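# Structural overview
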Amino acid sequence: MATIGDVARAAGVSRSTVSYALSGKRAISDETRRRIEHAITTLGFTPNAGAQALATSRTKVIGLMLHFHEDEFAPAVLQYLLPITDTARDLGYDILMVTDVDGPEALRRVTKTGMVDGVVLLDVTHDDPRLEPLRASGKPGVLVGLPNDPAGLDVFDLDFAAAARVLLDHLHGLGHRRIILITPAQEVFDRGVSYSWRFRDAAVEHAARLGVEIHTHYGENEQPSSGRALRAVLDAHPDATALVVHNDGSAAPLPMTLHEHGVSVPERLSVVSLYSRAFGRAFSLPYTAVDTSPAELGRLAIHQLVKRMEDGERAGPYGVHLAAPHLTDRASTARV
């Protein structure tokens, strides 16, 4: 296995110069850097991560904190992981995924022991107990999901209230005045995940402003209960002309559920939803929808976190970044 000394000899420089090239602690000429990079490639040299961490006080590792809940639809959570891990790798960082049930204690452990340079929080709740340990750790942190108090942290999320208004305006413009809204499961509300009520409350408020009758019902995330619940809701509101689905567990089986119930789209019922393009392709969903943008949010979050880790105070003020909703019309709605 090649050593740093082998690289130094091949490049015709000192060991310390190779160390500076790897750590970035001192400036070296472009020509010298090219010789070192050529030697590293030729020899197949891999820097020792532990040694680099001691030399630079950086691990080049990002902690990804999340917990899978039984009330969540797993494919919807997983669509955030790939853009986060891919972007981190592209920027030269590895991901340490931490899924402990005791999130605050796990966060203290990985930050206090210096295992990570920064932290990403997924599955963020309104009063998330991980926020204070993260602030106290002194490590940069970024959240994918909006908490009640984001002070001192960067937050990335979809503007769910705006998304509700976009979908309601679309249906209202087509003449729909009686609408069903399927929300996330009740457990998601109870757990304090704010996107659930940010969308629902904005939809109810905007419907009242538009003079639209809207009926809200909790969704289910598992089959066959999801299909049964949706059929019961449709039977309870036979005069509804439109359906808004804000629940991945209900959206995924929706084509099959509507077909089995004899409901044609958009002739009998106009349907709109929220999901990512990748999620729609995976479950063959043909509905007009607002893109939840997990890939965009994941990439932006990692870029901002790396900027914080590498630039410190020069990275600028912390802030909440809400992605504007973009509606894709897939012809699942019709005028009434």
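What comes next is a walk through the structure.

The rules behind the values
- Residues numbered from 1 in each chain as written.
- Predicted model: local features only at pLDDT ≥ 70, side-chain atom pairs only at ≥ 80, totals over all residues.
- Heavy atoms only, no water.
- Buried < 20%, exposed > 50% of the residue type's maximum accessible area, 1.4 Å probe, protein only.
- Helix = DSSP H or I, 4+ residues; strand = E, 2+ residues; numbered from the N terminus.
- Arc of directions from axis to C-beta.
- Polar contact = N/O pair within 3.5 Å; in protein donor to acceptor, adjacent residues only side chain to side chain.
- Contact = heavy atoms within 4.5 Å.
- Core = buried A, V, L, I, M, F, W, Y, C linked by side-chain atoms within 4.5 Å.
- Pairing = 2+ DSSP bridges.
- Right-handed = clockwise from strand over helix to strand, strands pointing away.
- Expected span 1.5 Å × (residues − 1).
- Axes fitted to C-alpha atoms, helices over the stretch in contact; angles between N-to-C directions.

Turning our eyes to something else, we now look at helix H1 (residues 4–11). Those residues of H1 that fall on the buried side of the exposure criterion are Ile4, Gly5, Val7, Ala8 and Ala11. Buried positions in H1, seen along its axis, are confined to an arc of 160° and lie on one side of it. Of the exposed residues in H1, those oriented more than 90 degrees away from the buried face are Arg9 and Ala10. At the C-terminal side of H1, Gly12 shows a positive phi close to 70°.

By secondary structure assignment, the location of His206 is in helix H10 (residues 194–210). Taking the relative accessible area as the measure of exposure, His206 reaches 8% and is therefore buried. Side-chain polar atoms of His206 contact the side chain of Arg209, separated by 2.8 Å. Those residues in contact with His206 that lie beyond four places of it in its chain are Arg165, Leu168 and Asp169.

Judged by nonpolar contacts, the single largest core of 41 residues is most densely connected at Ile62, Val120, Leu122, Ile179, Phe199, Val244 and Leu274. In this structure, Leu234, Leu243, Leu254 and Tyr287 belong to the second largest nonpolar core, which totals 22 residues.

With that settled, the discussion passes to the pairing of strand S4 (residues 141–144). The alternating pattern of S4 places Gly141 and Leu143 on one face and Val142 and Val144 on the opposite face, and all of these are buried. Relative to S4, strand S3 (residues 118–121) runs parallel, the two being bridged by three bridges. Counterpart to Leu121 in the pairing with S4 is Leu143. As for the winding sense of the linkage, the β-α-β connection from S3 through helix H7 (residues 131–137) to S4 is right-handed. Two strands pair when backbone bridges link them, and S4 and strand S5 (residues 154–158) are joined in this way by three bridges, in the parallel orientation. Note on S5: the bridge partner recorded for Leu143 is Val155.

Here the focus is helix H5 (residues 74–90). Taking 1.5 Å of rise per residue, 17 residues should cover 24 Å, and H5 covers 25 Å from first to last C-alpha, within 8% of that figure. Taken together, the buried positions of H5 are occupied by Ala76, Val77, Gln79, Tyr80, Leu81, Pro83, Ile84, Thr87 and Ala88. Immediately beyond the C-terminal end of H5, within one or two residues, lies Gly92, with a positive phi of roughly 90°.

Taken together, the six strands give an open sheet; going across it, the order is S2-S1-S3-S4-S5-S11, and neighbouring strands pair in parallel fashion. Bordering the open sheet on either side are strand S2 (94–98) and strand S11 (320–323), each of which pairs with just one other strand. Averaged over all adjacent pairs, the angle separating strand axes in this sheet is 20°, with direction ignored. Bridge count between strand S1 (residues 61–65) and S2: five bridges; the pairing is parallel. The residue of S2 that forms the bridge with Val61 is Asp94.

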